[in-house]
Amino acid sequence: MKHYSAFAVAREALRYHTGWERAWRSPEPKKRYDVIIVGAGGHGLATAYYLGKNYGIQNVAIIEKGWLGGGNTGRNTTIIRSNYLQDPSAAIYEKARDLYEGLSQDLNYNIMFSPRGVMMLAQTQHEIRGYQRTAHANALQGVKTEWITPERVKELVPIINLEGPRYPVLGALWQERGGTARHDAVAWGYARACSAMGMDIIQKCEVTGVRSENGHVVGVDTTKGAIDCDKLGIVVAGHSGQLAEMAGFRLPLEAIALQALVSEPIKPCMDVVVMANTVHGYMSQSDKGEMVIGGGTDAFNNYTQRGSFHHIEETVRALVETFPMISRLKMLRQWGGIVDMTGDRSPLISKTPLGGCFINGGWGTGGFKAIPGSGWGMAQLMATGHSPLTEAFSLDRFKEGRFIDESVAAGVAH
Amino acid sequence: MLTLRCPYCGVDADETELQAGGEAHLKRYGPGSTEDEFHDYLFTRENPKGVHLERWRHAAGCGKWFHAARCTATLEVFGTYTAQTGEPTQEIKDAISAKRPGWSWREFS
Amino acid sequence: MSTRLQKQGRLIDRSKQITFKFNGTTMRGFEGDTLASALMANDQMMMGRSFKYHRPRGVVASGAEEPNALVGLGEGARFEPNQRATTTELFEGLTSISQNHWPNLEFDVGAVNTALARFLPAGFYYKMFIHPQPFWKHVYEPIIRRSAGLGKAPDKETKDADTYEHFYAFADVMVVGGGVAGLQAAKAAAQSGAKVLLVEQTAHWGGRAPVDGGTIDGMEPGAWVEQTLAELQAMDNVTLRARTMGAGVYDHGYALAYERLTDHTPGVQGPRHRLWRVRAKQIVTATGAIERPLSFAGNDVPGVMLASAMRDYVVNWGVTPGQRVIVATNNDDAYRTAIILKKAGVDVLRVIDARTSGGGALADEARSLGIRVDPGKAIAKVKGGKRVKKVAICNQDGIGGAREEVACDAVAMSGGWSPVVHLWSHCGGKLIWDDAQAHFRPDPARPPLGADGNGFVVPAGAANGPVSLGEVLADAQTAGEAAANAAGFAPKTADAPKGEVEVELPMEPVWLMPANADTPLRMKAWLDFQNDVKVSDVQLAAREGYESVEHTKRYTTLGMATDQGKLSNINGLATLAKALGEDIPQVGTTTFRPPYTPISMGAIGGEARGEVFQPIRKTPIHDWNDANGADWEPVGHWRRPFAYVRPGEGVHDAVNREVKNARENLGLLDASTLGKIIVKGPDAGKFLDMMYTNMMSNLKPGKCRYGLMCSENGFLIDDGVVARIDDDTWLCHTTTGGAERIHGHMEEWLQTEWWDWNVYVANVTEQYAQIAVVGPNARKVLEKLGGMDVSDAAIPFMGWADGKIGGFDCRVYRISFSGELSCEIAVPASQGLAFWEALLEAGKEFGVMPYGTEALHILRAEKGFIMIGDETDGTIIPQDLGLNWAISKKKEDFLGKRAQQRSHMTDRNRWKLVGLETVDGSVLPDGAYAAGEGVNANGQRNVIGRVTSTYYSANLDRGIAMGLVLHGPDRMGEVIEFPGTDGKIYKAKIVDPVFYDKEGKKQNV
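One numbering rule holds for all chains: residues counted from 1, following each sequence as written. Chains and ligands are labelled sequentially in the order written, the chains with letters from A and the ligands with numbers from 1. Given that this is a predicted model, residues contribute local features only at a pLDDT of at least 70 and side-chain atom pairs are listed and counted only at 80 or more, while totals for whole chains, interfaces and linings are drawn from all residues.

**Observations concerning the interface of chain C and chain A**
Then step 1. Two residues qualify as being in contact provided that their C-beta atoms, derived from the backbone, are within 7 Å of each other. With 95 residues of chain C at the contact, the number on the chain A side is 92 residues.
Then step 2. Helix and strand definitions here come from DSSP, where helices need a minimum of 4 consecutive H or I residues and strands a minimum of 2 consecutive E residues; each element is numbered from the N-terminal end. A per-element tally of the side of chain C that touches chain A places helix H4 (residues 135–147) of chain C first, with six residues.
Then step 3. Residues are grouped as follows: Ala, Val, Leu, Ile, Met, Phe, Trp, Tyr, Cys and Pro are nonpolar; Asp, Glu, Lys and Arg are charged; every other residue, Gly included, is polar. Each residue belonging to the side of chain C that touches chain A can be placed in one class, and the counts come to 40 nonpolar, 30 polar and 25 charged.
Then step 4. Any two strands between which DSSP finds at least two bridges are classified as paired. When strand E16 (residues 330–342) of chain A meets strand E33 (residues 599–600) of chain C, the two strands line up antiparallel, connected through two bridges. By the bridge assignment, Met331(A) is partnered in E33(C) with Ile599(C).

This is how it looks when you write it as structure tokens:
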């Protein structure tokens, strides 16, 4: 792998950048791999990367129906935070956030992690209590957050309107080391590193069947032929249900649409990420200058990657109320993605009824921020059979009634 | 932005008048049921990319719950029907078959 | 230089001069000008700077596709960044500033990036700025952010001076685009009787036809447009809206249209923008086509312009971008520009036609006017910095050598036309590649599908592929008829008007000029003018493996500018396809997403701002509360007084006063927001037994019972007092936030599970005002008002009775959420305020004071009563709260029963409710957790409990709290530690949750 640096760019500039090699190879599949990961999104690629890096398992194929990073990894609003209430969530999201801090250096690919701070506004008494609870929980979880006053909110976000006539800002939960990253770069950076370890990323290849013997997975059928493996990781977000069906089990998941939008780019005016859950919206400014905005999900099953416009209206209305200066900005683009939601809105990282087959999905609206932690834990689970990071996210929790419910702290949006 | 015809009041209701209610024709399992039965009843959901039967409520209209047969891949609506049934009506099954021959959903086809 | 011509300018009124400002300089234009045409008339060709390299940018187009001429418009509360000068109608007093430069447009420090361009190829930032780690946030990113962005941000305190509104519209056929195709399609559809809505994004009808010439039914196109418009205006079933853009097409025939009402007359009364939410049975997209630039070195220098735009400026606004013009083309259409310019007196030096065959009839006409035509030639390079100075000409078939240089000051370019397929594609319509025209057009076999599974969008005219006037009109007629037919109307078949223009020879695709341009030239051949993406960047992306069109787009930012690739997409795709050795259709397009052009956030939000952001629900006593010091707390859409603050008093003083007074004298609570649901019918008792964990069927009429409701998943969702009114009627109280939710919950079970049960439910929350009369003097005030027997014998604790008090129709519930002697009295909503005032008046001698929600909370916490939302959070079962007494053991079934039998629900390690008393009397922090020993497998501190409610109790003069604690009820008297976020450790003793009047004597008198 050719090392990326300013020096390398300068050297290449002198020969018109003709010397750059491919960021990742585009191989034909081999007959057999130790591990096959289905899905070359952020979570799948990160799983493969840490299998190689942490456990030396490098005979790995990552099979992707479309293009790597082409799903929710490239469609989200890029927020990274770990100020979760429940212990298992805080653990995996904080692991992810911590890995994000050094990911550019680890991958030698600038993923532009920008720990600019994430703020969750409290606009009712109920929310104040909820976030103070989270702040207390975070302190014991080793997640650095703090409760801040409206005055401090205004200092950090000069464009905010504290005195909204309906929902004045009463304070906020502030995570200084939360932030954003360049979403595509996360997928590309992991892909390049995986490829450099000798792993095969096979794009435009659809898995059509899962083969098993004696209750144990032995391989997959694909549009590029049958491929054998010892272990299989299903990391396909919205299409988890279809893959699980091939593997002979069912999942507590539903696919629904989540939308986001961006404004036209403007000069820097907002340095932090703000989430306003009472009015349902969140906003940050990308390095390009666009205001990146997200809100709620549709409530019905949907695979079209198109959501309903009234959600966009509600979100924009909420944010115009919170940040009146955006009223004269313009929406440049709106889009939708398909998220897979579980019964408690927390993810699944788990063994499955099929031996050697593992599932990582159900990230709902919050997957991007978890990518490195999710990959780290999933790799540990696949390599060793157990991971403290993923233990609570097992499939059997629904049978036991042991839920990981984050909505309790008013923190539903991601 | 869906529109569904409420089978009770006959209105072609805009999605903003409607409340989605998830998978249709669930069989309720109460005390005495096994772990698996109860788990599947509460959490295992049909999640097809294609024909789906689901519950809706005309919440900001007549208030009635009803059923819809819809394609989750194209959002095509095959029809809506009464909530007071444990299975899709023959009329609805025929309407789906006309558009998606060979369809099946759970135990229905 | 660019100047105003003596003649031409069909859209301007030279008798009406307008004064405006650009970068502080006063300039003049005419009514009918766009800002772009007026700036050009003032020789202001350079209008901004590009995004990445800060290169000088001049106007390149004449409409919505403009990527370069973006300005900051207006001032103060009407300032708006990134306005396209080409679609901004000029008005008196307009002020504008150019963007993305420092210190000014002419001299921009950021332009150093141009010199460094070679070091800043596509994706350079992924390969750099990696070390040292903290530098990204603190050094690199701030510099990049300042350099990026486009327009200035509005001031941080800006509150938009304008208003916005939403309209609903229903149409059988919506036609988007008011060019000749849209007009004809609308007419064809309307003649069937269908209700037609026709929208046009500009202020003018007729589109390009009046500029491009030809004849329609023997008439000048302009005259035909006037005539057809008049016909449509005369039809009752047709609605016409100019300045209204079709912004997006969504599922099931939903469409958005964006009407700009006062952008051209700011300050005029009324909303600025109107967002139309349209439901149409069929949508005709007559959105025309957009000309493509040619990719040659220096094609981004100000003065290089689309050929069609150049003739628009001449014909429509009487402005020429230069005096000596060179035209470069791969098709016949661009000859029109040469001819129009020449006839307007502009020197057209030559037409460089990449086709070796040269052009057809139009080329002959150009030659006859004395214009030199060079077939088989190409522009090797445009020279000039802020303005075109000369053009180097070479053979198209080559690498760009053997150049001839020609001095000129403007270049018109045409790479062919691409249909505007955005609206067709928004909702899933697919495209096919047309080899002859080298463009994507709608695939009629794969339209966007409506609710019925049939296509609901019909493309018409140039948006569907045809280019010549005759074909466009014929296609529009067919489309209009087809749309009417699909909408259920019988179209009157008619012949399309006959459009006649010069016959054109086929265009030839030219994706790079010259065809084999060498690397230095490719590094100067722009694809995306705003985002600075060049041919070499796309080639680099392909070489590095970013092979999918989505990868290339994201890696290079091609097509991600504010024009969303209207000019750059096809050229970029073609470049990528060539680099990959694939066919263009194989590479495919990126996804088209709404809106077609950016629409204001204000318009999306609509009227709902400020006070009317969301509806406010008001109790009958709301206004009284407001006038008497209510410190409002939003609870759902209601507002409830947190406390009634007296002059000179702090909120917490008020709370303490209210809490003490309710225990010592007499308190009144406006409890009208509590949910009230009537459940009635022969099976009502059976139904309520399923809804509540405890038994409701055996409640006697005249009696009340506290009940708990759980979800099917076992968790506590609501609580409240249920009263049995008569044999088959119950009234269920819910929490304030729960009324609609619980009503819906009941309806859901009744309609979808137990539909054969004979039960009706009705939410009567707003039909009654409800007032809690609380305290030792409660009975006294009621007796003073008189009218019914409220003695303990007549209405014992947990009983209720109807009667009259002080002349008011009352239902008196003898229930207590405070532990005091208390009646909650419901009166018809219309009498609520009068009854409240009567109680206050009569209560004066008994020390009456209203109290708010905070006092309510403290009073209940002193008594150890739980509060939904405090002690519960969606993960709590009644057993956690010691409420087993309210869970029937006799009932076989109720919602939540099965769930509560699961292993985690019966786990004895579930945290249980206890009281918590700080050792030093202080108040425990809200939401604090009790720390246990050691850490878990993830290194998190183990926890053994948490605070659910915590208050200062004025009655006990100490902090009191409730919390959930591991094995709590077995650990009475034990002291546990709560680390605060303030760094302090709070020590609290585990106690019984009832802090006040443990025997419950006070409520039972």
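From this point on, the discussion continues.
**A few points about the confidence of the model for chain C**
Then step 1. Every residue carries a pLDDT, the predictor's confidence in it, which falls somewhere between 0 and 100. Model confidence for chain C is summarised by a mean pLDDT of 96, while 100% of its residues fall at 70 or above.
Then step 2. Across the whole predicted complex the pTM is 0.96, and at the interface the ipTM reaches 0.98.

**Here's the deal with helix H8 (residues 240–247) of chain A**
Residue and element names in this part refer to chain A.
Then step 1. Along H8, the residues classified as buried are Ser240, Gly241, Leu243, Ala244 and Ala247. Looking down the long axis of H8, one finds its buried residues gathered within 165 degrees of arc, a one-sided arrangement.
Then step 2. Residues of H8 that are buried sit in contact with strand E1 (32–38), strand E9 (207–213), strand E11 (225–234), strand E12 (253–263), E16 and strand E18 (357–361).
Then step 3. Looking one or two residues beyond H8, the residue adopting positive phi is Gly248, at roughly 90 degrees. Whether a residue is buried, exposed or partly exposed follows from its count of other C-beta atoms within 10 Å of its own C-beta, namely 20 or more, 12 or fewer, or something in between, respectively; the C-beta atoms are built from the backbone. Read the arc as the range of directions from the helix axis to the C-beta atoms.

**Concerning unusual backbone geometry**
Then step 1. The omega angle of the peptide bond from Trp102(C) to Pro103(C) is 5 degrees, so this bond is cis rather than trans.
Then step 2. Position of Pro103(C) relative to the elements: it lies in the loop between strand E8 (95–97) and helix H2 (112–115).
Then step 3. A positive phi angle, close to 60 degrees, is found at Met112(A), a residue other than glycine.
Then step 4. Topologically, Met112(A) is positioned in the loop between helix H4 (103–107) and strand E4 (118–122).
Then step 5. The exposure class assigned to Met112(A) is buried, which follows from the 26 C-beta atoms found within 10 Å.
Then step 6. You will see that His252(C), though not glycine, has its phi angle at about 60 degrees, which is positive.

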